[in-house]
Each structure stands twice: as structure tokens, then as C-alpha cells.
Amino acid sequence: MQSTSAIYNQYSKKIYNLAYRMTGNKDDANDITQETFIQAFNALDQFNGESQLYTWLYQIAKNNCLQLIGK
């Protein structure tokens, strides 16, 4: 498994872009990106590798976006 900083460096821009597309707001996208990685790093020991790491991060970010926009 990669270090948390390597994971963040590799995927943060993609997660931010997803959040920005879903919310249309830069501040919300930054907040969601930060929250996504906090949640992911706190639960990294639960990631079992059944999917790609990005798929897991994407789902966390998507859920955070949907929660924010109220869907």
C-alpha cells in the first residue's frame, strides 16, 4: 500500500474535479476533497482491495457530494 501522502498526491486532483462537477462550487469542492481523504485515511485499514483504490475514493467523494447537495 502506498503512503497516505502518495495517495493524496495521486488522487486529490481527480477527487476535487469530481466534487467541483457535482457541486459547481470551488469552496465546496475543496471541503469535500479534504473530507474525503480524512474519511479514507481513517478507514484505510478497512479497504480490502476488492476494487481499485480510486473507485473507493470516488465513492466516498460522491457520497459526500450527494450529502452536501441534499440528494
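The notes below deal with the structure included here. Just so we're clear, the structure is a prediction, and the values are computed from it rather than from any experiment.

A closer look at the overall build of the chain
From N to C terminus, the chain includes 3 helices and 0 strands. Order of helices (α) and strands (β) in the chain, N terminus to C terminus: α-α-α. Computed over the C-alpha atoms, the radius of gyration of the chain is 12 Å, within 12% of the 11 Å expected from 2.2 N^0.38 for a compact globule of 71 residues. Carbon and sulfur atoms make up 44% of the accessible area of the chain, which totals about 4,700 Å².

Observations regarding the environment of tyrosine 8
Looking at the secondary structure, you find tyrosine 8 in helix 1 (residues 4-23). Along the primary structure tyrosine 8 and threonine 33 are separated by 25 residues, whereas in three dimensions their C-alpha atoms are 9.8 Å apart. Setting aside chain neighbours within four positions, we find tyrosine 8 in contact with Phe37 and Phe41.

Let's talk about the nonpolar core
Counting residues in hydrophobic clusters, the biggest one holds 14 residues, and the most contacted among them are Ile7, Tyr11, Phe37, Leu53, Trp56 and Leu57. With 5 residues, helix 3 (residues 53-69) is the largest single contributor of residues to this core. Aside from chain neighbours lying at most four places away, what touches phenylalanine 37 is Ile7, Tyr8, Tyr11, Ser12, Ile15 and Leu57.

Analysis parameters
Per chain, residue numbering runs from 1 following the sequence as it is written. pLDDT decides what is reported in this predicted model: residues at 70 or higher carry local features, side-chain atom pairs at 80 or more are listed and counted, and totals for whole chains, interfaces and linings draw on all residues regardless. The side-chain values count all of the structure's non-hydrogen atoms but skip hydrogen atoms and water molecules. Secondary structure elements follow DSSP: runs of H or I of four or more residues count as helices, runs of E of two or more count as strands, with numbering from the N terminus. Here the globule rule reads 2.2 Å times residues to the power 0.38, and the radius of gyration is calculated from C-alpha atoms. Residue exposure ignores everything except the shown protein chains as possible cover, and the areas themselves are Shrake-Rupley values with a 1.4 Å probe. We call two residues contacting when some pair of their heavy atoms lies within 4.5 Å. Buried Ala, Val, Leu, Ile, Met, Phe, Trp, Tyr and Cys residues that are joined via side-chain atoms within 4.5 Å together make up what is termed a nonpolar core. Accessibility here uses a 1.4 Å probe with only protein chains present; expressed as a share of the type maximum, an area under 20% marks a residue as buried, one over 50% as exposed, and anything in between as partly exposed.

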